[in-house]
Amino acid sequence: MKNLILIIACFSFVSAKSQTTETFSVMAYNLLKFPQENSGRVSDLKIVLQEALPDILMVCELTSASGANAVLSDALNQDGITYYEKSVYVPGTDTENMLYYNSNKFGLKEQHEISTSLRDINEYVLYYKSDDIATTTDTTFFYVYVCHLKAGSTASDITWRDEIATSLKQYMANRGPLENVLIGGDFNLYGSSEPSWNTLLNGEGITMLDPISTSGEWHDDWGYADVHTQSTRTVSVDNGASGGLDDRFDFIFISPDLQNWGHQAKYVDGTYWAYGQDGNHFNDSLTDAPTNTSLSWTVIQALYDMSDHLPVYLEIEVQKTYNGVEDAANGVSAFYNPKNKSVQFSFELAINWSRQVMVYDLSGKVVQQGLLSDDNRISVNSLENGIYILKAHELNFVLKFVK
């Protein structure tokens, strides 16, 4: 965004409104067999979630529909907040996954279950409520997958994890074109040498990325202390794992388009975090000395009491206006139409001008120039996906759009 502001200043774009974006947060959290193991922990969950206020919340290890409802009513829609909604709870043969979302920003288009040899993986398709959603024919979609792979460190467990990961990637490959993909949950991976790591990132021709690019053998290695997510305790609480923080089991993976505005959204660099992890508690409890100051002590204690896992958190920036509408003071407007990959102009009054427009990339380089067609549009189909700035110099008009 900083580069965009500099480019606009250099070009002296004086009469157009700037295109805006919005940042939203995503969290993945293993709830430790909730509410089966001590339903009173919902008060701790409330403390954690009211601090983070995730706009998309992926959870695993739910054990009942009543627990799924309690997360919504007793932990999210609290203290005057009423905008959270949830997906449909689907019981399975083991613990279940769920998705919760900020309904001011997102709607749930559809959801599906992916059967595996252990427990379902759940697919949720969210649509972003862009500013122009009432007038445009499309908006930005997010494909969200919530997983809980097989636990354990035996050869059989490792093979089983890879089989489940393969089921997910085969489904995704058969699903058709995907965009803005998030895969989150508890993967129980002891290191990136496990075959399921490569399956998750590269299997079936569907590429996914670890936002912090931190491969390695995370188990019981102090060099990865700042990314460990399990266990928050050195003793067993509510039948959870003990042993202190020494494993990176929990992840949120992203698709490559989220690195470069490929589909109107981008991961915000530096925001990925094992929520509450300060890197100073290797093989210790989250509440052991030295005092964890990454969050307030009330939240740190709630994280300890709620689960043997830490949540994982990241942020994503999304284009607020899907079609990139920009209205100039002189009665000129334009928008990017993703259906025919063109920029369409409209004019309040007849204007006598050459109809010449130029398209710049974010480095300020001219990547396309030409005349508007008779129906007042110019095709940008030949441009690669990315962010561009279109200028009609004679009209002092600028449009930033995302292709």
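The following paragraphs examine the structure supplied in this document. (Residues numbered from 1 in each chain as written. Predicted model: local features only at pLDDT ≥ 70, side-chain atom pairs only at ≥ 80, totals over all residues. Heavy atoms only, no water.)

What follows deals with the overall build of the protein. A tally of regular secondary structure across the protein gives six helices and 20 strands. Taken against the 2.2 N^0.38 rule, which gives 22 Å for 403 residues, the C-alpha radius of gyration of the protein at 24 Å falls within 12% of a compact globule. Overall size of the protein, expressed as C-alpha extent along the three principal axes, is 75 × 45 × 40 Å. Burial statistics for the protein: of 403 residues in total, 55% are counted as buried. Across the protein, contacts joining residues at least 24 apart in sequence account for 67% of those joining residues at least 6 apart. The centroid of the 26 positive side-chain charges in the protein is displaced by 8 Å from the centroid of its 51 negative side-chain charges. (Helix = DSSP H or I, 4+ residues; strand = E, 2+ residues; numbered from the N terminus. Rg over C-alpha atoms; globule rule 2.2 N^0.38 Å. Buried < 20%, exposed > 50% of the residue type's maximum accessible area, 1.4 Å probe, protein only. Contact = heavy atoms within 4.5 Å. Lys, Arg positive; Asp, Glu negative; His and termini not counted. Charge placed at Lys NZ, Arg CZ, Asp CG, Glu CD.)

Let's shift gears to the pattern of salt bridges. Overall, the coordinates contain 14 salt bridges when judged by the stated rule. Between Asp 55 and Lys 105 there is a salt bridge whose closest N-O contact spans 3.2 Å. Linking Asp 55 in the loop between helix H2 (42-52) and strand E2 (56-62) with Lys 105 in the loop between strand E4 (96-102) and strand E5 (106-114), this pair joins segments that are 50 residues apart in sequence. Judged by its relative accessible area of 16%, Lys 105 falls in the buried class. Note that Arg 175 is salt-bridged to Glu 123, the shortest N-O span being 2.8 Å. Linking Arg 175 in helix H4 (residues 155-175) with Glu 123 in strand E6 (residues 121-128), this pair joins segments that are 52 residues apart in sequence. By relative accessible area, which is 0% here, Glu 123 ends up buried. Salt bridges here are not isolated pairs; linked through shared partners, they connect Lys 109, Glu 110, Glu 123 and Arg 175. (Salt bridge = Lys/Arg side-chain N within 4 Å of Asp/Glu carboxyl O.)

In this section: the sheet that holds E5. With mixed pairing, five strands are arranged side by side in an open sheet as E5-E6-E7-E8-E9. Taken across any chain shown, the strands that pair with only one partner, and hence form the sheet edges, are E5 and strand E9 (250-254). For this sheet, the mean inter-axis angle between neighbouring strands, taken without regard to orientation, is 15 degrees. Taken together, the eight bridges between E5 and E6 define a ladder with antiparallel strand orientation. For Phe 106, the partnering residue across the bridge sits in E6 and is Tyr 128. (Pairing = 2+ DSSP bridges. Axes fitted to C-alpha atoms, helices over the stretch in contact; angles between N-to-C directions.)

Our next topic: the sheet that holds strand E20 (residues 397-402). Here four strands make up an open sheet; going across it, the order is E17-E16-E19-E20 and the pairing antiparallel. Edge positions in the open sheet fall to strand E17 (366-371) and E20, since each of these has one partner strand only. Going from strand to strand, the sheet's axes swing by 20 degrees on average, the running direction of each strand aside. Direction of pairing for strand E16 (residues 356-360) relative to E17: antiparallel, over a ladder of five bridges. The residue of E17 that forms the bridge with Met 358 is Gln 369.

With that settled, the discussion passes to the packing of aromatic side chains. Here the structure, examined in full by the defined rule, presents 21 aromatic pairs. Put simply, the rings of Phe 187, Trp 197, Trp 218, Phe 251 and Phe 253 touch in pairs and so form one group of aromatic residues. We note Arg 233 situated over the ring of Tyr 304; from NZ or CZ to the ring centre the distance is 5.6 Å. (Phe/Tyr/Trp six-rings, centres within 6.5 Å; stacked < 30°, edge-to-face > 60°. Lys NZ or Arg CZ within 6 Å of the ring centre and 35° of its normal.)

Next up on the list: the side chain of Glu 179. In this structure, Glu 179 sits in the loop between H4 and strand E8 (181-186). In terms of polar contacts, Glu 179 uses its side chain to reach the backbone amide nitrogen of Phe 141, at 3.3 Å. Setting aside residues no more than four positions away along its own chain, Glu 179 makes contact with Thr 140, Phe 141, Phe 142, Tyr 143, Asp 257 and His 263. (Polar contact = N/O pair within 3.5 Å; in protein donor to acceptor, adjacent residues only side chain to side chain.)

Further remarks concern unusual backbone geometry. The residue after Gln 230, namely Ser 231, is reached through a cis peptide bond having omega 5 degrees. Locating Ser 231 in the fold gives a position in the loop between helix H5 (195-202) and E9. Looking along the chain, the bond that leaves Ala 289 and enters Pro 290 is cis, with omega of 0 degrees. Position of Pro 290 among the secondary structure elements: in the loop between strand E11 (273-274) and helix H6 (297-306). Phi angles above zero are rare outside glycine, and Asn 188 is one such case at about 55 degrees.

Counted at 1.5 Å a residue, the expected span for H4 with its 21 residues is 30 Å, and the 30 Å between its end C-alpha atoms agrees. The set of residues buried in H4 consists of Asp 157, Arg 161, Asp 162, Ile 164, Ala 165, Leu 168, Lys 169 and Met 172. Considered in projection along H4, the buried side chains sweep an arc of 160 degrees and stay on one side of the axis. Facing away from the buried side of H4, by more than 90 degrees, are the exposed residues Ala 155 and Asn 174. Looking at the buried residues of H4, the elements they touch are E5, E6, strand E7 (141-148), E8 and H5. (Expected span 1.5 Å × (residues − 1). Arc of directions from axis to C-beta.)

Burial analysis of E9 places five of its five residues in the buried class, which makes it a mostly covered element. Both faces of E9 are covered, namely the face carrying Asp 250, Ile 252 and Ile 254 and the face carrying Phe 251 and Phe 253. Of the pairings in the sheet, the one linking E8 to E9 comprises five bridges and is antiparallel in character. Each bridged residue has a counterpart across the sheet, and for Gly 185 the counterpart in E9 is Phe 251.

What follows is about H2. Each α-helix winds once per 3.6 residues, and so residues spaced three or four apart point in a common direction. Here H2 has its buried residues at Val 42, Asp 44, Leu 45, Val 48, Leu 49, Gln 50 and Ala 52. Contact partners of the buried residues in H2: strand E1 (21-34), E2, helix H3 (65-76) and H6. Looking at the residues trailing H2, positive phi occurs at Leu 53, about 45 degrees.

The analysis is restricted to geometry; functional conclusions fall outside its scope.
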